[in-house]
Amino acid sequence: MTDEHDKLLPIANIGRIMKQILPPSAKISKEAKETMQECASEFICFVTGEASDRCHKENRKTVNGDDICWALSSLGFDHYSEAMLRYLHKLREFERQRANQSNYKASSSTEEKDEATSSAASAPSFDFEILEKGGRSSPKP
């Protein structure tokens, strides 16, 4: 049987995420971090379970990003689903561009490869919005 703590997100990561939204002078108790750790981990299991059920009904073994977005929406988290769909589209576009760049590098000469390598694309920068109560969103600082 799996230990319950193996199913939880790392508490250091939870604390880091919580600190990002709070003023610099704010403190977070251990109890608050542990509570959020339990909630976030349970939420992930809840959404993933819904997505997995869909895959099972469609005789698929792999849960993908679209399944997660569908699960969020079907569970009533439409705002999160919409935000995740935007992120998923941006991620896929970035991966397409990176693949095209790799194909270009593979077909170019050694000299061009050296130039392309020195100016290789870095990881994508995605702008997220913080969802506030009532569905309003504000840009992340």
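Remember, predicted model here, so these are calculated numbers, not experimental data. (Residues numbered from 1 in each chain as written. Predicted model: local features only at pLDDT ≥ 70, side-chain atom pairs only at ≥ 80, totals over all residues. Heavy atoms only, no water.)

Participant: Lay out the overall build of the protein in plain terms, naming residues and giving numbers.
Facilitator: Within the protein, the regular secondary structure consists of five helices and two strands. In the protein, the succession of helices and strands from N to C terminus is α-α-α-α-α-β-β. Residue burial in the protein is summarised as follows: out of 141 residues, 15% are buried. In the protein, of all internal contacts separated by at least 6 residues, the share reaching a separation of at least 24 is 36%. By element, 54% of the accessible surface of the protein is carried by carbon and sulfur atoms, the whole surface being about 11000 Å². (Helix = DSSP H or I, 4+ residues; strand = E, 2+ residues; numbered from the N terminus. Buried < 20%, exposed > 50% of the residue type's maximum accessible area, 1.4 Å probe, protein only. Contact = heavy atoms within 4.5 Å. Areas by Shrake-Rupley, 256 points an atom, 1.4 Å probe, with all protein chains shown as cover.)

Participant: Which residues make up the confidence of the model for the protein, and what are the values?
Facilitator: With 72% of its residues at a pLDDT of 70 or more, the protein has an overall mean of 82. Every residue in residues 116–121 is under pLDDT 50, and counting partners more than four places away or in other chains gives three contacts. (pLDDT = per-residue confidence, 0-100.)

Participant: Which residues make up unusual backbone geometry, and what values do they have?
Facilitator: We note that Asn-59 has phi near 55°; this positive angle belongs to a residue other than glycine. Tracing the sequence through the fold places Asn-59 in the loop between helix H2 (30–57) and helix H3 (65–74).

Participant: Outline the environment of Gly-49, listing residues and values.
Facilitator: In this fold, Gly-49 is placed in helix H2. Along the chain, Gly-49 and Val-63 lie 14 residues apart, while their C-alpha atoms are 9.8 Å from each other.

Participant: Before we move on, could you go through H3 and cite the residues and values that matter?
Facilitator: Among the residues making up H3, those that are buried are Asp-67, Cys-69, Ala-71 and Leu-72. Packed against the buried residues of H3 are H2 and helix H4 (78–107). Capping the start of H3 is the job of one residue whose side-chain oxygen sits 2.9 Å from the backbone nitrogen of Asp-66: Asn-64. Directly after H3, the chain includes Gly-76, whose backbone phi takes a positive value near 95°. (Polar contact = N/O pair within 3.5 Å; in protein donor to acceptor, adjacent residues only side chain to side chain.)

Participant: Help me get a handle on the packing of aromatic side chains, residues and values and all.
Facilitator: In total, this model carries two aromatic pairs according to the counting rule given. With centroids separated by 5.1 Å and ring planes inclined at 90°, the aromatic side chains of Phe-43 and Phe-77 adopt a geometry described as edge-to-face. Taken together, the positions of Phe-43 in helix H2 and Phe-77 in the loop between H3 and H4 put the pair 34 residues apart, joining distant regions of the chain. With relative accessibility at 32%, the residue Phe-43 sits in the partly exposed group. Classification of Phe-77 as partly exposed rests on a relative accessible area of 26%. In textbook terms, an aromatic cluster arises when at least three aromatic residues are bridged by ring pairs, as seen for Phe-43, Phe-77 and Tyr-80. (Phe/Tyr/Trp six-rings, centres within 6.5 Å; stacked < 30°, edge-to-face > 60°.)

Participant: Just give me the short version of the pattern of salt bridges, but keep the residues and values in it.
Facilitator: Counting across every chain of the model gives seven salt bridges. Its salt-bridge partner being Lys-30, residue Glu-34 comes within 3.9 Å of it at the nearest N-O pair. In this pair, Glu-34 and Lys-30 both sit in helix H2, four residues apart, roughly one turn of the helix. Residue classification places Glu-34 among the partly exposed positions, given a relative accessible area of 35%. Taking the relative accessible area as the measure of exposure, Lys-30 reaches 62% and is therefore exposed. Glu-93 is the partner of Arg-96 in a salt bridge, and the nearest nitrogen-oxygen pair spans 2.9 Å. Taken together, the positions of Arg-96 and Glu-93, both in helix H4 and three residues apart, correspond to about one turn of that helix. In this structure Arg-96 comes out as partly exposed when scored by relative accessible area, which is 46%. Connected through salt bridges with shared partners, the residues Arg-54, Glu-58, Arg-60 and Asp-67 form a single ionic network. (Salt bridge = Lys/Arg side-chain N within 4 Å of Asp/Glu carboxyl O.)

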